[in-house]
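Per-entry structural report
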Amino acid sequence: MLASIIDHVGAFAYPALFVLVGAESSGVPVPGETTLIAAALLASQGKLAIVPVVAVAAAGAIVGDNIGYLIGRSGGRWLLERPGRFEKQRRAVLERGTLMMDRHGAKAVFFGRWILGLRVWASWLAGASRMPWPRFVAWNAAGGISWATTVGLIIYFVGRAASQALQTAGFVGLGLFVLAVIVGYLVVRRRSGHAGPGRDAAGVSDPPDAASSRASPSSGET
């Protein structure tokens, strides 16, 4: 769906990628990473260029995270501490988040790029917990660049490999491969279902009475 949308917007694909990745990074629950995946797939098909895709996604992530940091620093703490509904729970979230940022702030900002919840809220949490901005910028930039590079390149090369395999084998070969996998799975499942405990070589189970009589001699035998 996103790939077809990006494919049709043409020259606006890169701005759309920047906006969606930046919006997700700033705290808006939009499919930023999914957009990067779609753009990388289109790049593997030659419809976009992978280097601009990675660069635009990294820039969007860095800019969006800094916007989220400023929002969290200026108003995030007030939103969490203000009196009203769920005040106790909100203050607890802020307290735990501040503790996490004090102990693992750099790790949370860097590795949060690969985790859905932290990718959306790490920048807010860093700002609300008063994480020093120079430290945030350094780890945020490192995380944004490495995230865009790894995700973009992995999807790009996987897409190219799949496309080449499809061109080599064709749809018939791909269909035969899928059919072979299904048949193999069914054969293994059928065999595992028939091979159960307590069966002899002929595949017939011993009755419980016969098994017990062979296991222990009768009390009358000497």
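Here the structure is a predicted model, which is why all the values come from computation and not from measurement.

Brief notes about the overall build of the chain
Across its full length, the chain holds eight helices and zero strands. Sequence-ordered secondary structure for the chain, helices as α and strands as β, is α-α-α-α-α-α-α-α. Counting all 222 residues of the chain, 32% fall into the buried class. Considering only intrachain contacts with a sequence separation of at least 6, the fraction spanning at least 24 residues in the chain is 74%. Surface accessibility of the chain: about 13800 Å² in total, with carbon and sulfur atoms responsible for 69%.

Observations concerning the pattern of salt bridges
What the rule picks out here adds up to three salt bridges. With a shortest N-O distance of 3.2 Å, arginine 119 and glutamate 24 are connected by a salt bridge. Separated by 95 residues along the polypeptide, arginine 119 in helix α6 (residues 116–128) and glutamate 24 in helix α2 (residues 13–26) bring together distant segments of the chain. Each member of the pair, arginine 119 as well as glutamate 24, carries the same accessibility label: buried. A salt bridge links arginine 119 to glutamate 33; the nearest nitrogen and oxygen atoms lie 3.4 Å apart. One end of the pair, arginine 119, is in helix α6; the other, glutamate 33, is in helix α3 (residues 32–44), with 86 residues separating them in the sequence. Owing to a relative accessible area of 5%, arginine 119 belongs among the buried residues under this scheme. Salt bridges sharing partners connect three or more residues here, namely Glu24, Glu33 and Arg119.

Points about the packing of aromatic side chains
If you walk through the whole model with that rule in mind, you get five aromatic pairs. Ring geometry for phenylalanine 110 and tryptophan 139: centres 6.1 Å apart, planes at 85°, overall edge-to-face. Of this pair, phenylalanine 110 sits in helix α5 (residues 87–111) while tryptophan 139 sits in helix α7 (residues 133–194), and the two are 29 residues apart along the sequence. Residue class for phenylalanine 110 comes out buried when judged on its relative accessible area of 18%. Judged by its relative accessible area of 39%, tryptophan 139 is partly exposed. Relative to phenylalanine 157, the ring of tyrosine 156 has its centre 5.2 Å away and its plane inclined at 70°; by these criteria the two rings are edge-to-face. In textbook terms, an aromatic cluster arises when at least three aromatic residues are bridged by ring pairs, as seen for Phe110, Phe111, Trp114 and Trp139. The side chain of arginine 113 reaches across the aromatic face of tryptophan 147, ending 4.5 Å from its centre.

Here we look at the environment of glycine 143
Mapping glycine 143 onto the fold places it in helix α7. On the basis of relative accessibility, which here comes to 0%, the residue glycine 143 falls in the buried class. Expressed as a C-alpha distance, the spacing of glycine 143 and alanine 58, which sit 85 residues apart in the sequence, is 8.8 Å. Residues within four places of glycine 143 in sequence aside, it is in contact with Phe110, Arg113 and Trp114.

Rules of the game
Residues numbered from 1 in each chain as written. Predicted model: local features only at pLDDT ≥ 70, side-chain atom pairs only at ≥ 80, totals over all residues. Heavy atoms only, no water. Helix = DSSP H or I, 4+ residues; strand = E, 2+ residues; numbered from the N terminus. Buried < 20%, exposed > 50% of the residue type's maximum accessible area, 1.4 Å probe, protein only. Contact = heavy atoms within 4.5 Å. Areas by Shrake-Rupley, 256 points an atom, 1.4 Å probe, with all protein chains shown as cover. Salt bridge = Lys/Arg side-chain N within 4 Å of Asp/Glu carboxyl O. Phe/Tyr/Trp six-rings, centres within 6.5 Å; stacked < 30°, edge-to-face > 60°. Lys NZ or Arg CZ within 6 Å of the ring centre and 35° of its normal.

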